[in-house]
Amino acid sequence: MTDRPVYLVDGARTPFLKVRSGPGPFTPVDLAVQAGRPLLLRQPFDRTAFDLCILGCVNVIADEMNPARVAALRLGLGEAMVAFTMQINCGSGMQSIDTAYRYIRDGSHNLILAGGTEALSHAPLVLRQEAVEWYAGMARAKGPLDTARRMAGLRPEFFKPVIGLERGLTDPITDLNMGQTAEVLAYRFGIDRTAADTYAMQSHHRLARAQREGWLSGEVMPAFDRDGTAHVKDDGVRPDSDMDSLAKLNPAFEKPYGKVTPGNSSQITDGASWVILASEQAVEAHGLTPLARIVDSQWAALDPSIMGLGPVLASQPILQRHDFGRDDIDLWEVNEAFAAQVLACLAAWEDETFCREVLGMDAPLGRIDRDRLNVDGGAISLGHPVGTSGNRIVLHLANALKRMNKTRGIATECIGGGQGGAMMLEVA
C-alpha cells in the first residue's frame, strides 16, 4: 500500500498573551476551546466527523488531566471521540500534527483535529523537598509529644515555594537552563550581542508589520475571557523596538558578559493553536480546500547542552531524502527560542566542518536568506507557549506560503532536553 497524501485544510490560534503578574485569564483547556470554537464553526462538516483529537500540552494543570479529552468534550466533538495529549516539550504541538499525519498517511484515519496549548501563567508553584519531607513527617506523627517534636523542625523557608516553570526550563541532565544552552551556542559559533539584538529587533518589526497589514487575520482568533474582555492580538510585540533599548538590558543567564537577554529571548506566554488534517477521501467527501500538503517530517536528538541545534539535525534528513538544496525551500519557520540559538543554526548550516562531520554532507547548505526566514516574526516577538509553538509554526508556514504564492517550506524547532523536530509542507 502506498502512502496516502495528507492535507492541512485549516487552522486557527488564539492571540499569544504575555505572562505578566499572576495566572492569566485562561487555563490550557480554556485556550484550546477559544481557538477551536471559531475554527470548527467555519467548517462544512459536523464536529463529530473527526476520527481523533490530539493536543500537545507540557504544563498540564491538576484540574485538567488529559486536556485533549477535556477540550474535545467542551468543543462538542462527542462522547465517542478518542482524544489524547502529547508531551515532548517544545515539540508537543508539532508532535500532535506529526502523529495525525502518520495515522492518515498510513490509512487508519481520515480527519483529525491536532493542536497545542499552554498556559505558562498557570505553571504550578511547588514545595521544596525539605518542606515535603516535613509535611510527610507530620502526617506520621503519633501522639501529641511526637507532633510537638516534629513541629519544632518547621523552618520559614518551607513557606517559600519553588517556581515550577523555572525548574521545568532547566535540563536535569546537564543542569543548564535553556538560556544557558543558548549561551553555549553563542560562544561556539561566535554570535555577538549586536547580532542577537538585531535579530530580536527585526522579529518585533516583522510581527508588527504582519499585524498592521492584517496578514494574521485568518489565523488569529479573538479570545474572550470571563470578564468579557476581548484579546485580539499577540500582546508582547514591541513595534518601536530599537537597538538602543535592547542594548540597555543585562544578560539574563551568564552575567556580566553573556549574549542572551530578556530582549533577545522568547517571551513567556499563554496560547493555543489547532490545525485540521485530512486525507484525500475526507477532502472530497466534505468539499474542503487544502492550504498545504504535509510532505515529510523528522525528529532528531543531540547533546542537551546544545539543544538549540535541533532544527539543523531534524531538517537535514528531509532535505537529503528529497535531494533538495537551500534554494528549493522557499520559506523557513525556525522557532525563535533565543536569537542566539536561531543564529547558531544559520551559522551551522554555513559551517563546512559542522556540515561534513555532524550532518555527513559533502558541502555546507549555505546561507539561508533572511527574507525566507520567519517572515512575520516569531517567538521573540509573539511568545513561546511551549506546548503550542510547534503547532503555530506549521500553521503559519502554510498560511505564509499561500499568501506569498510560494511552493515549499520547512517548519522546525529546537526542543528542551536535546531534540529537534521538522516538517516540510508544499502548497496543495
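Preceding this paragraph is the structure being described.
A brief look at the structure comes next. (Residues numbered from 1 in each chain as written. Predicted model: local features only at pLDDT ≥ 70, side-chain atom pairs only at ≥ 80, totals over all residues. Heavy atoms only, no water.)

Quick word on a nonpolar patch on the surface
Point 1. Side chains of Leu127, Val132, Tyr135 and Phe159 sit close together on the surface and give an oily, nonpolar patch of about 400 Å² of accessible area.
Point 2. Tracing the backbone through its elements, the reader meets valine 132 in helix 4 (residues 129-140).
Point 3. With relative accessibility at 37%, the residue valine 132 sits in the partly exposed group. (Patch = residues over 30% accessible without salt bridge, like charges linked within 9 Å, V, L, I, M, F, W, Y side chains within 5 Å. Areas by Shrake-Rupley, 256 points an atom, 1.4 Å probe, with all protein chains shown as cover. Salt bridge = Lys/Arg side-chain N within 4 Å of Asp/Glu carboxyl O. Helix = DSSP H or I, 4+ residues; strand = E, 2+ residues; numbered from the N terminus. Buried < 20%, exposed > 50% of the residue type's maximum accessible area, 1.4 Å probe, protein only.)

Focus on helix 12 (residues 339-350)
Point 1. Here helix 12 spans 17 Å end to end across 12 residues, near enough to the 16 Å set by a 1.5 Å rise per residue.
Point 2. By the burial criterion, the buried members of helix 12 are Ala339, Ala340, Gln341, Val342, Leu343, Ala344, Cys345, Leu346, Ala348 and Trp349. (Expected span 1.5 Å × (residues − 1).)

What about the packing of aromatic side chains?
Point 1. Here the structure, examined in full by the defined rule, presents five aromatic pairs.
Point 2. Their ring planes at 85° and their centres at 6.3 Å tell us that phenylalanine 253 and phenylalanine 338 sit as a pair that is edge-to-face. Here phenylalanine 253 is found in the loop between helix 9 (243-247) and strand 10 (269-279), whereas its partner phenylalanine 338 is found in the loop between strand 12 (331-334) and helix 12, with 85 residues between them in sequence.
Point 3. Note that arginine 105 overlies the ring of tyrosine 101, its terminal NZ or CZ placed 5.4 Å from the centroid.
Point 4. For arginine 403, the ring lying beneath its charged end belongs to tryptophan 215, and the centroid distance is 4.2 Å. (Phe/Tyr/Trp six-rings, centres within 6.5 Å; stacked < 30°, edge-to-face > 60°. Lys NZ or Arg CZ within 6 Å of the ring centre and 35° of its normal.)

A word on helix 8 (residues 193-213)
Point 1. Between its first and last C-alpha atoms helix 8 spans 30 Å; for 21 residues at 1.5 Å apiece the expected length is 30 Å, and the two agree.
Point 2. Those residues of helix 8 that sit buried are Arg193, Ala196, Asp197, Tyr199, Ala200, Met201, Ser203, His204, Arg206, Leu207, Ala208 and Ala210.
Point 3. Where helix 8 begins, one side-chain oxygen reaches toward the backbone nitrogen of threonine 194, 3.3 Å away; that side chain belongs to aspartate 192.
Point 4. Where helix 8 ends, the next residue or the one after it, glycine 214, has phi of about 75°, a positive value. (Polar contact = N/O pair within 3.5 Å; in protein donor to acceptor, adjacent residues only side chain to side chain.)

Section: unusual backbone geometry
Point 1. In this chain, lysine 255 is followed by proline 256 through a cis amide linkage whose omega measures 5°.
Point 2. Relative to the helices and strands, proline 256 is located in the loop between helix 9 and strand 10.
Point 3. Despite not being glycine, asparagine 405 has its phi angle at roughly 55°, a positive value.
Point 4. Here asparagine 405 shows up in the loop between helix 15 (389-403) and strand 13 (408-415).
Point 5. Taking the relative accessible area as the measure of exposure, asparagine 405 reaches 71% and is therefore exposed.

Brief notes about the environment of glycine 263
Point 1. Tracing the chain through its elements places glycine 263 in the loop between helix 9 and strand 10.
Point 2. The class for glycine 263 is buried, based on a relative accessible area of 1%.
Point 3. Placed 66 residues apart in sequence, glycine 263 and aspartate 197 show a C-alpha to C-alpha distance of 7.3 Å.
Point 4. With residues up to four places along the chain from it excluded, the contact list for glycine 263 reads Ala200, Arg238, Leu246, Leu249 and Ile380. (Contact = heavy atoms within 4.5 Å.)

Focus: the pairing of strand 10
Point 1. The buried count for strand 10 comes to 11 of 11 residues, which makes it a mostly enclosed element.
Point 2. Burial along strand 10 is two-sided: the face carrying Thr269, Gly271, Ser273, Val275, Leu277 and Ser279 and the face carrying Asp270, Ala272, Trp274, Ile276 and Ala278 are both buried.
Point 3. In the sheet, strand 1 (residues 6-13) pairs with strand 10 via seven bridges, with the strands oriented antiparallel. The residue bridging valine 6 from the neighbouring strand is serine 279, located in strand 10.
Point 4. Pairing between strand 2 (residues 17-18) and strand 10: two bridges, direction antiparallel. Counterpart to leucine 17 in the pairing with strand 10 is aspartate 270.
Point 5. Where strand 5 (residues 111-119) meets strand 10, nine bridges bridge the pair, whose relative direction is antiparallel. (Pairing = 2+ DSSP bridges.)

Thoughts on the packing of helix 7 (residues 178-189) against helix 12
Point 1. The geometry of helix 7 relative to helix 12 is characterised by a closest axis approach of 9 Å and an angle of 40° between their N-to-C directions. One finds that helix 7 runs oblique with respect to helix 12. Of the two possible hands of crossing, helix 7 and helix 12 adopt the one that is left-handed. Of the residues in helix 12, those touching helix 7 at Ala182, Leu185, Ala186 and Phe189 are Ala340, Gln341, Ala344, Ala347 and Ala348. (Axes fitted to C-alpha atoms, helices over the stretch in contact; angles between N-to-C directions. Parallel < 35°, antiparallel > 145°, perpendicular 65-115°, else oblique. Left-handed = near helix turned anticlockwise from the far one by under 90°.)

That's the geometry; what it means functionally is another story.
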